[in-house]
Structure formats: C-alpha cells, structure tokens
Amino acid sequence: MKDVCVVFAGTKFTDKHIVQKRQQLDRYCSVPTRLTVLTDDPARIMGIGLRDTRAVLLPDDWKFTGRLCWWYKVFMFSNTINWYGDVLYLDLDTVLVNDIAHLWTYEPGKFVICQDFNRKFIQDYPVSNSSVIRFPVNEYTAICEHFDSNWQQISRQFRGDQDYITWWFKSHTGKTWWPTNWCMSYKWEILHGGTKHGSPRITYPEDYLQPDREWVIPTDCSIVVFHGPPDPYETHFGKLNTV
C-alpha cells in the first residue's frame, strides 16, 4: 500500500475533488494506494465514505485562509503522522493521465519535487514547484518543525510553501527534481503543444507551438499540473480527464 497525500482546507475545493482524486488514483496507479487528506474538517472527509481514505486534522494554531491555505502542505512533514512508507503529495488540481507507480521508485531515498515550470523558458530556473512531491518518511520532519516554531514570520517572509522549500534546500541535501515530462504544466507545456514564451499575454494561435492540436501529452507524462489559472475544471481537458 502506497501513501498519497492531499490538502483540503479553505473554500477552493469541494467534496467532488476528493472523490475525483480517489478515482484518479484507482484508474492511474497500478499499485494500491491509501489517500490521506490533511484537512480542517475530518468529519466531512470521512462522511464522503471513500475506501482506503483517511483524514488527518490540520494544526489548530496555524490560521490560514484563501490562497494562504497552501501553507498547510508543510504539515505533511510532521512526525505526528504515521505513514506506510514514502509519501507522494499531489495538489488537488493536478490531473493524472498515466500510471504513477514509478514515482515511488525514482531516485530512492531522495526528496523529489518539480522544478518550477518557468523551466520551459529559463533552463536552470532554481525554484521548485510543490504540486507533486515524494519524500521518505521521517527524513524531513525538520521542515515542519522549523515552520511550526515561527509560522507567522515565515509565511510573511516567503510567498508560499514552495518558496520556503526552495530556501530550505539551499542549505540541506537530498533534493532532486522529477524528469521534465513526468509532471508537466497544462498552460505552458500541454495546451496546443506548449507556448513559445512565458508572457502573461499569450495569444492563440501565434504564440503556440502546435495550435492545430488542442493539447499534446507526451507518452511519459503521468501528471498534468494546473498552476494558477485556469483551474482544470474550467477547461475541456480537465473535464475529460477527471473521472
């Protein structure tokens, strides 16, 4: 049984997103998984009645709302949570498109995370994107402990959890990035074959590499990431690829 973790807090997501993630795991993971939902409302999650799914209460003293709820991801590194083994974290607005079982065997013992998707335009872009993370149990509890000791100052110092994690690994070892095609950006790398540049003013069709194709998914891509707008459920791709 492999552990998958998501965060459900605030008002961005609804029960259907938990149901869809459980269904995506059943469809696109060739090994059994347990879905752990870090949440401010465990009773709501357990009331959905999904198999192989549990709810873990988020810290009461971390007070985040709206977009800042992404900071709750840091709690997955807490030593108070029991896991079977290496943990795969997924943002709820990721979309699985192929088997993900190999994500547990890539670079054993490492902390594996996406390179920020600005990588498409800046090859050595040094920031990480925390939409898809795998980490070994009990190896990175200090990330949570350090944050918990001064969460108010840290959440003001950094724009979000991925900037904090990027900073953390400037002085700690063990991090590596996923292969580029395994986890890809919908709006920059998948839609119409990807964009030619990263400007916020992208125009169809001239700014796309394959404008005649609605999207292009490489055969080795397992997860499509929606970072910022649009949300997957606002797109034809998202509607077709969520169960």
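Heads up: the structure comes first, above all this text.
Every chain is numbered independently, its residues counted from 1 as its sequence is written. Reporting in this predicted model follows two pLDDT cut-offs: at least 70 for local features of residues, and 80 or more for side-chain atom pairs to be given and counted; totals over whole chains, interfaces and linings ignore these cut-offs and use all residues. Note that water and hydrogens are dropped before the side-chain values are worked out from all heavy atoms of the structure.

A.B. asks: Before we go on, may I ask you to explain the overall build of the protein chain in this structure?
C.D. replies: By the criteria applied, helices consist of DSSP H or I runs no shorter than four residues and strands consist of E runs no shorter than two, each listed in order from the N terminus. Scanning the protein chain from terminus to terminus reveals seven helices and 10 strands. Whereas a compact globule of 243 residues would reach a radius of gyration of roughly 18 Å, the protein chain reaches 17 Å, a difference of no more than 12%. Principal axes of the C-alpha set define a box for the protein chain whose edges measure 50 × 40 × 35 Å. Exposure categories follow from relative accessible area, calculated using a 1.4 Å probe and restricted to protein chains: below 20% of the type maximum is buried, above 50% is exposed, and the middle band is partly exposed. Residues counted as buried form 52% of the 243 residues belonging to the protein chain. In the protein chain, the 26 positive side-chain charges and the 28 negative ones have mean positions that sit 2 Å from each other. Two things to know: the radius of gyration comes from C-alpha atoms, and the globule rule equals 2.2 Å times the number of residues to the power 0.38. His is not counted, nor are the chain ends; Lys and Arg add positive charge and Asp and Glu add negative charge. In plain terms, the charge of a residue is placed at NZ if it is Lys, CZ if Arg, CG if Asp and CD if Glu.

A.B. asks: Would you mind showing me how to read the sheet that holds strand 8 (residues 175-177) here?
C.D. replies: Pairing between the strands of a sheet comes from backbone hydrogen bonds, and it takes one of two forms, parallel or antiparallel. Strands are treated as partners if at least two bridges between them are detected by DSSP. On the basis of which strands lie adjacent, the open sheet formed by seven strands has the order 3-2-1-4-7-6-8 and mixed pairing. Single-partner strands in this sheet number two, and they are strand 3 (53-57) and strand 8. Strand-to-strand twist in this sheet, taken as the mean axis angle between neighbours without regard to direction, amounts to 30 degrees. Where strand 1 (residues 2-8) meets strand 4 (residues 87-90), three bridges bridge the pair, whose relative direction is parallel. Pairing of Asp-3 across the sheet is with Val-87, part of strand 4. In this analysis, two residues are considered to be in contact whenever any of their non-hydrogen atoms come within 4.5 Å of each other. With axes taken as lines fitted to C-alpha atoms, and helix axes fitted only over the stretch in contact, angles between N-to-C directions fall between 0 and 180 degrees. Sheet contacts for helix 5 (residues 161-168): strand 6 (111-115) and strand 7 (128-135); angle to strand 7, the most-contacted strand, approximately 65 degrees.

A.B. asks: Looking at this model, I keep getting lost on a negative patch on the surface. Mind explaining?
C.D. replies: On the surface, Asp-60, Asp-61, Glu-145 and Asp-148 cluster together into a negatively charged patch. In this structure, Asp-61 sits in the loop between strand 3 and strand 4. In this structure Asp-61 comes out as partly exposed when scored by relative accessible area, which is 45%. Residues qualify for a patch when their relative accessible area is over 30% and they have no salt bridge, like charges being joined within 9 Å and the nonpolar side chains of Val, Leu, Ile, Met, Phe, Trp and Tyr within 5 Å. What sets the accessible areas is the Shrake-Rupley method with a 1.4 Å probe; for residues, cover comes only from the shown protein chains. Take a side-chain nitrogen of Lys or Arg and a carboxyl oxygen of Asp or Glu: if they are within 4 Å of each other, that pair is a salt bridge.

A.B. asks: Even after reading the chapter, I still don't get the nonpolar core, so can you show me in this structure?
C.D. replies: If you look at soluble globular proteins, the nonpolar side chains tend to sit buried side by side. Take the buried residues of types Ala, Val, Leu, Ile, Met, Phe, Trp, Tyr and Cys, join any two whose side-chain atoms come within 4.5 Å, and each joined set is a nonpolar core. Core analysis: the largest hydrophobic core is formed by 34 residues, its most contacted members being Leu-38, Trp-62, Phe-77, Phe-111, Ile-143, Phe-147 and Tyr-164. Listing elements by their share of this core, those giving two or more residues are strand 1, strand 4, strand 6, strand 7, helix 3 (141-149), helix 4 (151-157) and helix 5. Beyond its immediate stretch of four places on either side in the chain, Phe-111 contacts Phe-77, Ile-133, Arg-134, Phe-135, Pro-136, Tyr-140, Ile-143, Ile-165, Phe-169, Gly-174, Lys-175 and Thr-176. The next biggest cluster of nonpolar side chains, apart from the first, holds 28 residues, and it includes Val-37, Ile-45, Leu-92 and Trp-182.

A.B. asks: Could you clarify how one ought to interpret the side chain of Ser-130 in this entry?
C.D. replies: The residue Ser-130 is located in strand 7 in this model. Residue Ser-130 is classed as buried on the basis of its relative accessible area of 0%. Polar contact criterion, stated in full: a pair of N or O atoms within 3.5 Å, where within protein one must be able to donate a hydrogen and the other to accept it, and residues adjacent in sequence count only if both atoms are side-chain atoms. Within the local environment of Ser-130, its side chain forms a polar contact with the side chain of Lys-73, the two groups lying 2.8 Å apart. Those residues in contact with Ser-130 that lie beyond four places of it in its chain are Lys-73, Tyr-89, Asp-91, Ile-113, Asp-161 and Gln-162.

A.B. asks: Can you walk me through the sheet that holds strand 10 (residues 223-225) in this structure?
C.D. replies: Pairing is mixed in the open sheet, where three strands are placed in the order 5-10-9. Unpaired on one side and paired on the other, strand 5 (94-96) and strand 9 (183-185) mark the two borders of the sheet. Taken pair by pair, the neighbouring strands of this sheet meet at an average axis angle of 25 degrees, ignoring direction.

A.B. asks: Would you mind going over the pattern of salt bridges with me for this structure?
C.D. replies: Think of it this way: side chains of opposite charge can pair up when their charged atoms draw near. Evaluation of the coordinates by the stated rule reveals 13 salt bridges. Arg-22 is paired through a salt bridge with Asp-26; the nearest N and O atoms lie 2.8 Å apart. Of this pair, Arg-22 and Asp-26 both sit in helix 1 (residues 15-28), four residues apart, roughly one helical turn. We note a salt bridge from Arg-134 to Asp-86, for which the minimum N-O separation is 3.9 Å. Here the residue Arg-134 occupies a position in strand 7, and Asp-86 occupies one in the loop between strand 3 and strand 4, the gap between them amounting to 48 residues. Since its relative accessible area comes to 0%, Arg-134 is described here as buried. Note on Asp-86: relative accessible area 24%, which makes it partly exposed. Among the charged side chains, a salt-bridge network with shared partners connects Arg-22, Asp-26, Arg-51 and Asp-52.

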